[in-house]
Amino acid sequence: MPNEQPYIRVDNLQLIFGKGKRLQQAQHLYNDGATNAEIREQTRCTVGVRYADFHIKKGETFVIVGLSGSGKSSLIRCFNRLNKATGGSITIDGMDVTKLDKKELLELRRNKISMVFQSFGLLSHRTVLANVEYGLEVKGIPNKDRDEMAKQAIELVGLKGWETYYPHQLSGGMKQRVGLARAIANDPDILLMDEPYSALDPLIRREMQKELLNLEDYIDKTIVFITHDMNEAFRLGDRIALMKDGEIVQLGKPASFFENPANDYVRDFIADVDKTQVLRAKQIMKEIPVSFTPDTPRTDARDKLAELELDVAFVTDEENHYLGYVTFEDLDVSRKMTVEKLLKTDLEPYYRQNFIKDLISLLDEADYDVPIVDSKNRLRGSICHEVLLSAIS
Amino acid sequence: MLEYPDFLKFSIAPIFDVIVDWILTNLSALFDFITLVIANLFNGVEAALSFVPWWLFVMIVFLLGKKYYDYKMASLLGVMMFAIGMFDLWDSMIYTIAIVLISVIVSLVVGLPVGILMAKNERIEQILKPVLDAMQTMPSFVYLIPAVMLFGLGRVPAVFATTIYAIPPLIRLTYLGITGVDKEVIEAGKAYGSTPAQMLFKIELPQALATIMTGVNQTTMMAMAMVVISSMIGAEGIGEEVLIAIRRLEVGRGFQAGFAIVFLAIILDRLLQGAANSLEGGTVHAE
Ligand SMILES: Nc1ncnc2c1ncn2[C@@H]1O[C@H](COP(=O)(O)OP(=O)(O)O)[C@@H](O)[C@H]1O
Ligand SMILES: [Mg+2]
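Please read these numbers as outputs of a predicted model, since none were measured by experiment.

Conventions we followed
- Residues numbered from 1 in each chain as written.
- Chains lettered and ligands numbered in written order.
- Predicted model: local features only at pLDDT ≥ 70, side-chain atom pairs only at ≥ 80, totals over all residues.
- Heavy atoms only, no water.
- Helix = DSSP H or I, 4+ residues; strand = E, 2+ residues; numbered from the N terminus.
- Buried < 20%, exposed > 50% of the residue type's maximum accessible area, 1.4 Å probe, protein only.
- Contact = heavy atoms within 4.5 Å.
- Areas by Shrake-Rupley, 256 points an atom, 1.4 Å probe, with all protein chains shown as cover.
- Lys, Arg positive; Asp, Glu negative; His and termini not counted.
- Charge placed at Lys NZ, Arg CZ, Asp CG, Glu CD.
- Polar contact = N/O pair within 3.5 Å; in protein donor to acceptor, adjacent residues only side chain to side chain.
- Near = heavy atom within 4 Å.
- Buried area = accessible area lost by both parts, 1.4 Å probe.
- Salt bridge = Lys/Arg side-chain N within 4 Å of Asp/Glu carboxyl O.
- Expected span 1.5 Å × (residues − 1).
- Bend = angle between axes of the 7 residues up to and from the residue.
- Pairing = 2+ DSSP bridges.
- Domains from an automatic or database assignment.
- Arc of directions from axis to C-beta.
- Patch = residues over 30% accessible without salt bridge, like charges linked within 9 Å, V, L, I, M, F, W, Y side chains within 5 Å.

This part takes up the overall build of chain B. Helix and strand counts for chain B stand at twelve helices and zero strands. Counting from the amino terminus, chain B carries its helices and strands in the arrangement α-α-α-α-α-α-α-α-α-α-α-α. Summarising its shape, the C-alpha atoms of chain B cover approximately 65 × 60 × 45 Å along the three principal directions. The buried share of chain B, reckoned over its 287 residues, is 45%. Partitioning the contacts of chain B with sequence separation of at least 6, the portion at a separation of at least 24 is 78%. When the accessible surface of chain B is split by element, carbon and sulfur atoms take 70% of a total near 15200 Å². Positive and negative side-chain charges in chain B, numbering 16 and 23 respectively, have mean positions lying 5 Å apart.

Attention now moves to the side chain of S114 of chain A. You can see S114 of chain A is positioned in strand 6 (residues 113-116). In this structure the side chain of S114 of chain A is engaged in a polar contact, spanning 3.0 Å, whose partner is the backbone oxygen of A183 of chain A. If we skip the residues at most four places from it in the chain, S114 of chain A touches A183, N186, P188, I190, L191 and L192 of chain A together with Y192 of chain B.

With that settled, the discussion passes to the site of ligand 1. Residue and element names in this part refer to chain A. The environment of ligand 1 is formed by F17, T46, L67, S68, G69, S70, G71, K72, S73 and S74. Separating an oxygen atom of ligand 1 from a backbone N or O atom of G69 is a distance of 2.6 Å. Here an oxygen atom of ligand 1 sits 2.9 Å away from a polar atom, N or O, in the side chain of K72. In isolation ligand 1 has 560 Å² of accessible area, and contact with the protein removes 59% of it. Here the shell around ligand 1 gets three residues from one element, more than from any other, and that element is helix 3 (residues 72-79).

What follows covers the interface of chain B and chain A. Across the contact, 22 residues belong to chain B and 30 residues belong to chain A. Approximately 2200 Å² of surface area, both sides summed, lies buried where chain B meets chain A, with 51% of it carried by carbon and sulfur atoms. The three residues of chain B that bury the most area against chain A are E184, Y192 and K202 of chain B, which together make up 33% of that side's buried surface. Connecting chain B to chain A are two salt bridges. The salt bridge involving E187 of chain B is made with R77 of chain A; its shortest N-O contact spans 2.5 Å. The interface formed by chain B and chain A contains 15 residue pairs in polar contact (both at pLDDT 80 or more).

Helix length check: helix 5 (residues 90-120) of chain B, at 31 residues, gives a terminal C-alpha distance of 44 Å against a target of 45 Å (1.5 Å per residue), a fit within 8%. Where helix 5 of chain B bends most, at G111 of chain B, the angle is about 30°, and the proline P113 of chain B comes one to four residues later.

So, on to the sheet that holds strand 11 (residues 291-292) of chain A. Residue and element names in this part refer to chain A. On the basis of which strands lie adjacent, the open sheet formed by three strands has the order 11-12-13 and mixed pairing. On the outer flanks of this sheet lie strand 11 and strand 13 (322-327), each paired with one strand and no other. Across two bridges, strand 11 lies against strand 12 (residues 312-316) in parallel orientation. Note on strand 12: the bridge partner recorded for F292 is V315.

Here the focus is the domain arrangement of chain A. Each domain of chain A was delimited in the assignment, giving domain 1 (6-10 + 51-273) and domain 2 (291-392). Just the C-alpha atoms count here: the centres of domain 1 of chain A and domain 2 of chain A sit 40 Å apart.

On to the environment of M230 of chain A, then. Residue and element names in this part refer to chain A. Inspection of the secondary structure puts M230 in helix 9 (residues 230-236). A residue is classified by how much of its surface remains accessible, and M230, at 4% relative accessible area, is buried. It is 6.8 Å that separates the C-alpha atoms of M230 and I270, two residues lying 40 residues apart in sequence. Not counting chain neighbours up to four residues away, the residues in contact with M230 comprise V65, F257, F269, I270 and V273.

Another point: helix 11 (residues 264-271) of chain A. Residues and elements named next belong to chain A. What helix 11 keeps buried is the set V266, F269 and I270. On an axial view of helix 11, the arc spanned by its buried residues comes to 85°, and they lie on one face. Exposed residues on helix 11 whose side chains face more than 90 degrees from its buried face are D264, D268 and A271. With a side-chain oxygen positioned 3.0 Å from the backbone nitrogen of Y265, the residue opening helix 11 is N263.

All right, on to the sheet that holds strand 1 (residues 6-17) of chain A then. Residues and elements named next belong to chain A. What the four strands build is an open sheet, ordered 2-1-4-5; its pairing is antiparallel. Looking at strand neighbours, the two that pair on one side only are strand 2 (46-57) and strand 5 (95-96), the edges of this open sheet. Strand direction decides the pairing type here: strand 1 and strand 2, joined by eight bridges, are antiparallel. Paired with L15 across the two strands is V49, which belongs to strand 2.

All names here are of chain A. A large share of strand 16 (residues 379-383) lies buried, amounting to four of its five residues. The sheet contact formed by strand 15 (residues 370-373) and strand 16 spans four bridges and is antiparallel. Bridging across to strand 16, I372 finds its partner in G381. The hairpin formed by strand 15 and strand 16 contains five residues between the paired strands, and N377 there has a positive phi angle of roughly 65°.

With that out of the way, let us pick up unusual backbone geometry. The residue N320 of chain A is not glycine, and still its phi comes out positive at about 75°. Secondary-structure assignment places N320 of chain A in the loop between strand 12 and strand 13. By relative accessible area, which is 28% here, N320 of chain A ends up partly exposed. At D88 of chain B, a position not held by glycine, the phi torsion is positive, near 65°. Checked against the element boundaries, D88 of chain B lands in the loop between helix 4 (71-86) and helix 5.

All names here are of chain B. The grouping of W54, W55, M59, L63, F82 and M86 at the surface amounts to a nonpolar patch, some 670 Å² of accessible area in total. Listed by contribution, the elements that provide at least two residues to the nonpolar patch are helix 3 (54-68) and helix 4. In terms of residue count, the dominant contributor to the nonpolar patch is helix 3 (four residues). Within the secondary structure layout, L63 lies in helix 3. Overall, L63 belongs to the partly exposed group, its relative accessible area being 47%.

In this section: the pattern of salt bridges. The full count for this structure, using the stated rule, is 31 salt bridges over all chains. Here E133 of chain A and R146 of chain A are joined by a salt bridge, their closest N and O atoms 3.3 Å apart. Taken as a pair, E133 of chain A in helix 5 (residues 128-138) and R146 of chain A in helix 6 (residues 143-156) lie far apart in primary sequence, 13 residues in all. Assigned by exposure class, E133 of chain A and R146 of chain A land together as buried. A salt bridge links E137 of chain A to K202 of chain B, with the nearest nitrogen and oxygen atoms 2.5 Å apart. Here E137 of chain A is found in helix 5, whereas its partner K202 of chain B is found in helix 10 (residues 196-229) on a different chain.

Rendered as structure tokens:
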């Protein structure tokens, strides 16, 4: 399957800040297994990235998280060669970024990768529209076309009507929307976002995160997102890499960090994370033991439930769309022929991409498990009280 | 023992004499050419300025004052301009403005690229920084000497000396403006695939514009100061008035010319600053 092919492949990447003899000496120490502190002490070179080795899948939102100074920016900047790696390689779509010549590098930056910056990096002498057009302008897209493309991007980030304003007339959140619009106007395959929301108020930050998640439905991009905020990382990431001192300490799906943290550092790092705000329903739901279609005979259903010692079961149509549920009690006492007549619909299904925070009150009210569905309302699993409690404890 | 011993005395004056001699014998053609260019430029500019009627001059100053500031400032600047005419110094002023204008233009033509090079190249930066420092502390009179040696007396050496004296702030502020562009803005430029030329013209120069304008203002003010002094080597203009007044000990005449210089300086300063501020709307507000 092409989708499962690694799209970006980072192989044994090394980045040491330094020059000439000092750098050579530092690399020598590095190969001998010296620590960052030792290398800095002896050569005054800083190790930015150490043995980074991972891949990113196409369309994935990959989050790199870590404390300030842990090497996140150093790493992400190797992707579009704002930093030149001193060892190892980065292969994007089969092309080794570390070996590109000047012209190929311009091509890469103009067409394949866009970047969003922490303090926005907007051109203060240009209007919103002209800022968004910048990438199109440098690669020589004719005036009329780029106006069109820029306006589309501006609309997508919700800034329609602000085209003629200057950056200093906008709020922080709006400035970052301009930054995002500039990035997607180029229609790149890859979006690099280096702490894009760290400079924003918490409230705006949440809003921007939500918008980014929504945006992913419209634009099909591979996103490499950097943050120092673990909550943000879990909220956004399909997979997460946790960095410390230039090294990746743990890498995996969000839930895996809770299930088996690699060490005490990881445990400490995720200690403050409010799981209900970052875990999604799909990450903790259980499989459905049995479900019925409306035309299932009542007695069959009753016997099945008795056999499994369950007192409730979900009902779906032929295509697995969620319809409602039936209880053992009803099945047992009723005289109706099929399940259809006993169907109850007072149990709202829960969208599997949603965070589990709203499930708590939902489960408190409901007497039964909550059905979990996908965006097409197909039944995918269920969550009961015990599962939820064990997930958030 | 109190006096400085003779055997330790060493004069560096002959070195410069030799250098200038060498230049004069070997590069005379070059200096003839420069003389020709500056002289023609000067005549052109002076003719153009003289062509403008005096009342139009006053009006332009007034209107610009109103555009950049308010009626009060506009009236003040207009009256100052008018006063210079009243003092019977109008023609001298035109002459002075011509020298200042040409010096500023030459400063721009030379200073901008030098400032840019300085910002881009560490070597050049290291060499030019102390040179600029030295130039800015050098007494202005010193520039008169090579000017006279290379170009004789008159308007051409005056333009030469004025330019040399006035150019450092423009170079320095161009350099500062470009190196001071927000790091992330530069990175954004790179990340979107700008060529070095696109970087310079689409990002660095526009971002540095306000700072460069400050440099233009300072350079103009320095040129104003120098143009007075260069009357000592035969430049006409308001400075000459001061010089004559000093020679004849005519105190009143000296002050009148002095005020004319101050007025002209204020007018130029305010208008240039106004122009710089009006640019800022879209340029400086970093964050
Ligand atoms: N251009 C550079 N030159 C030298 N050291 C650098 C440079 N950029 C970053 N560093 C150092 O590399 C380390 C990692 O920095 P960075 O990647 O910016 O961390 P983060 O983005 O995670 O906060 C820090 O110690 C920092 O001081
Ligand atoms: Mg960083």
